[in-house]
Amino acid sequence: KQEVTQIPAALSVPEGENLVLNCSFTDSAIYNLQWFRQDPGKGLTSLLLIQSSQREQTSGRLNASLDKSSGRSTLYIAASQPGDSATYLCAAKNSGGGADGLTFGKGTHLIIQP
Amino acid sequence: ETGVTQTPRHLVMGMTNKKSLKCEQHLGHNAMYWYKQSAKKPLELMFVYNFKEQTENNSVPSRFSPECPNSSHLFLHLHTLQPEDSALYLCASSLLTEGMEKLFFGSGTQLSVL
């Protein structure tokens with residue numbers, strides 16, 4: 001059974017810093033991996049999706065990498081801003097071609113200090 | 001806005017009540033999902049519908065009953081719930097295309113069972 005772990009559980013950094021959030025998964029036979037953002041009391045917003053054949057995806061100040069062999073993914077946030085404060089979740093999908101759900105980590109609660 | 005709408009946003013119910021949660025998407029997606037988010041726990045997949053057919057039921061108690069009348073609407077019928085069922089219930093949808101099954105989430109229904 002797939003298990004997804006995110007480290008750290010919480011992180012607080014000053015505005016402007018570059019930072020890395022970590023995600024690890026136990027079953028490397030993933031189909032894709034997604035990073036989401038969740039604001040308090042809200043649903044999830046998809047940030048980046050990396051297919052199993054890809055190594056990284058970029059969107060603006062965000063860059064996500066995937067290393068299937070080591071069971072790891074990282075989300076890099078450049079030049080952090082207070083508006084980046086949220087909980088970031090990663091989720092692994094283990095099979096393709098069907099409507100299977102994702103296995104989520106517990107998330108990293110990020111606070112960017114002005 | 002993600003294009004996935006959930007109602008109500010908040011719901012308080014007694015253990016003997018019957019209520020329903022509603023989810024609606026007009027993104028042209030063909031798969032819809034119910035997830036449960038409890039404090040301190042990862043998101044848990046409850047039900048998956050693919051082209052209106054239920055394809056996955058992750059051992060959810062029978063007091064939760066899903067209904068998918070068409071590919072745009074999804075309901076979760078609730079009856080005789082327990083206090084431990086209090087959580088944020090999230091609906092999601094996706095378009096099942098090869099490798100790009102990005103999930104779009106609604107804002108959720110915050111459920112409190114008294």
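Look above for the structure.
Presented here is a report on the structure given in the accompanying data block. Only a predicted model underlies this, so the values are computations on that prediction, with no experimental measurement involved.

1. Examining the overall build of chain A
Next, step 1: When its secondary structure is counted, chain A shows zero helices and 11 strands.
Next, step 2: The secondary structure elements of chain A, listed N-terminal to C-terminal, are β-β-β-β-β-β-β-β-β-β-β.
Next, step 3: Its C-alpha atoms give chain A a radius of gyration of 14 Å, within 12% of the compact-globule value 13 Å for 114 residues.
Next, step 4: In chain A, buried positions account for 46% of the 114 residues.
Next, step 5: Here the contacts in chain A between residues at least 6 apart in sequence split such that 55% fall between residues at least 24 apart.
Next, step 6: Each charge sign in chain A was given a centre, from 9 positive and 9 negative side chains, and these centres are 4 Å apart.

2. As for the overall build of chain B
Next, step 1: Helix and strand content of chain B: zero helices and 11 strands.
Next, step 2: Helices and strands in chain B line up, N terminus first, as β-β-β-β-β-β-β-β-β-β-β.
Next, step 3: In summary, chain B has a C-alpha radius of gyration of 13 Å against a globular reference of 13 Å for 114 residues, a match within 12%.
Next, step 4: Its C-alpha atoms give chain B principal-axis dimensions of roughly 40 × 25 × 25 Å.
Next, step 5: Of all 114 residues assigned to chain B, the portion counted as buried reaches 46%.

3. Concerning the sheet that holds strand E3 (residues 18-25) of chain B
Backbone-to-backbone hydrogen bonds pair the strands of a sheet. The strands run either parallel or antiparallel.
Residue and element names in this part refer to chain B.
Next, step 1: The four strands lie next to each other as E1-E3-E8-E7, forming an open sheet whose pairing is antiparallel. Bordering the open sheet on either side are strand E1 (4-7) and strand E7 (64-70), each of which pairs with just one other strand. Going from strand to strand, the sheet's axes swing by 20 degrees on average, the running direction of each strand aside.
Next, step 2: As paired elements, E7 and strand E8 (residues 73-79) share five bridges and run antiparallel to each other. Across the sheet, Glu-67 pairs through a bridge with Phe-75, a residue of E8.

4. Notes on the pattern of salt bridges
Should the charged atoms of two oppositely charged side chains come close, the side chains can pair.
Next, step 1: Summed over the entire model, instances satisfying the criterion amount to five salt bridges over all chains.
Next, step 2: The closest approach of N and O atoms between Arg-37 of chain A and Asp-39 of chain A, which form a salt bridge, is 3.0 Å.
Next, step 3: The residue Arg-63 of chain B makes a salt bridge to Asp-85 of chain B at a minimum N-O spacing of 2.7 Å. One end of the pair, Arg-63 of chain B, is in the loop between strand E6 (53-57) and E7; the other, Asp-85 of chain B, is in the loop between E8 and strand E9 (87-94), with 22 residues separating them in the sequence.
Next, step 4: Judged by relative accessible area, Asp-85 of chain B falls into the buried class, the value being 2%.

5. Quick look at the side chain of Gln-34 of chain A
Next, step 1: Among the secondary structure elements, Gln-34 of chain A is positioned in strand E4 (residues 32-38).
Next, step 2: Polar side-chain contacts of Gln-34 of chain A include one of 3.0 Å to the side chain of Ser-46 of chain A.
Next, step 3: When sequence neighbours within four positions are dropped, the list of residues in contact with Gln-34 of chain A reads Ser-46, Leu-48, Leu-49, Leu-89, Cys-90, Ala-91 and Leu-102 of chain A together with Glu-101, Lys-102 and Leu-103 of chain B.

6. Remarks on the environment of Ser-107 of chain B
Next, step 1: Within the element layout of this structure, Ser-107 of chain B appears in the loop between strand E10 (104-105) and strand E11 (109-113).
Next, step 2: Along the backbone, Ser-107 of chain B and Cys-68 of chain B are 39 residues apart, and their C-alpha atoms lie at a distance of 19 Å.
Next, step 3: The residues contacting Ser-107 of chain B, other than those within four sequence positions of it, are Gly-41, Lys-42 and Gly-43 of chain A together with Gln-6, Arg-9, Leu-88 and Leu-90 of chain B.

7. Remarks on the interface of chain A and chain B
For an interface, size is often stated in terms of accessible area lost upon the parts coming together.
Next, step 1: Taken together, the 23 residues of chain A in the interface contact 27 residues of chain B.
Next, step 2: Buried area between chain A and chain B, both sides added, is near 1,900 Å², and the carbon and sulfur share of it is 55%.
Next, step 3: Where chain A meets chain B, there are zero salt bridges.
Next, step 4: At the boundary of chain A with chain B, the tally comes to four residue pairs in polar contact (both at pLDDT 80 or more).

8. So, the nonpolar core
The nonpolar side chains of soluble globular proteins are, as a tendency, buried together.
Next, step 1: Grouped together as the largest cluster of nonpolar side chains are 23 residues, with contacts concentrated most on Leu-19, Leu-33, Trp-35, Leu-75, Ile-77 and Tyr-88 of chain A.
Next, step 2: Secondary-structure elements contributing two or more residues to this core are strand E3 (19-25), E4, strand E5 (44-51), strand E7 (62-67), strand E8 (72-77), strand E9 (86-93) and strand E11 (108-113) of chain A.
Next, step 3: Residues contacting Leu-75 of chain A, with those up to four places away along its chain left out, are Leu-19, Val-20, Leu-21, Trp-35, Leu-47, Leu-48, Leu-62, Asn-63, Ala-64 and Tyr-88 of chain A.
Next, step 4: Within the second largest apolar cluster, 22 residues are counted, among which are Phe-47, Cys-68, Tyr-89 and Cys-91 of chain B.

How each quantity is defined
- Residues numbered from 1 in each chain as written.
- Chains lettered and ligands numbered in written order.
- Predicted model: local features only at pLDDT ≥ 70, side-chain atom pairs only at ≥ 80, totals over all residues.
- Heavy atoms only, no water.
- Helix = DSSP H or I, 4+ residues; strand = E, 2+ residues; numbered from the N terminus.
- Rg over C-alpha atoms; globule rule 2.2 N^0.38 Å.
- Buried < 20%, exposed > 50% of the residue type's maximum accessible area, 1.4 Å probe, protein only.
- Contact = heavy atoms within 4.5 Å.
- Lys, Arg positive; Asp, Glu negative; His and termini not counted.
- Charge placed at Lys NZ, Arg CZ, Asp CG, Glu CD.
- Pairing = 2+ DSSP bridges.
- Axes fitted to C-alpha atoms, helices over the stretch in contact; angles between N-to-C directions.
- Salt bridge = Lys/Arg side-chain N within 4 Å of Asp/Glu carboxyl O.
- Polar contact = N/O pair within 3.5 Å; in protein donor to acceptor, adjacent residues only side chain to side chain.
- Buried area = accessible area lost by both parts, 1.4 Å probe.
- Core = buried A, V, L, I, M, F, W, Y, C linked by side-chain atoms within 4.5 Å.

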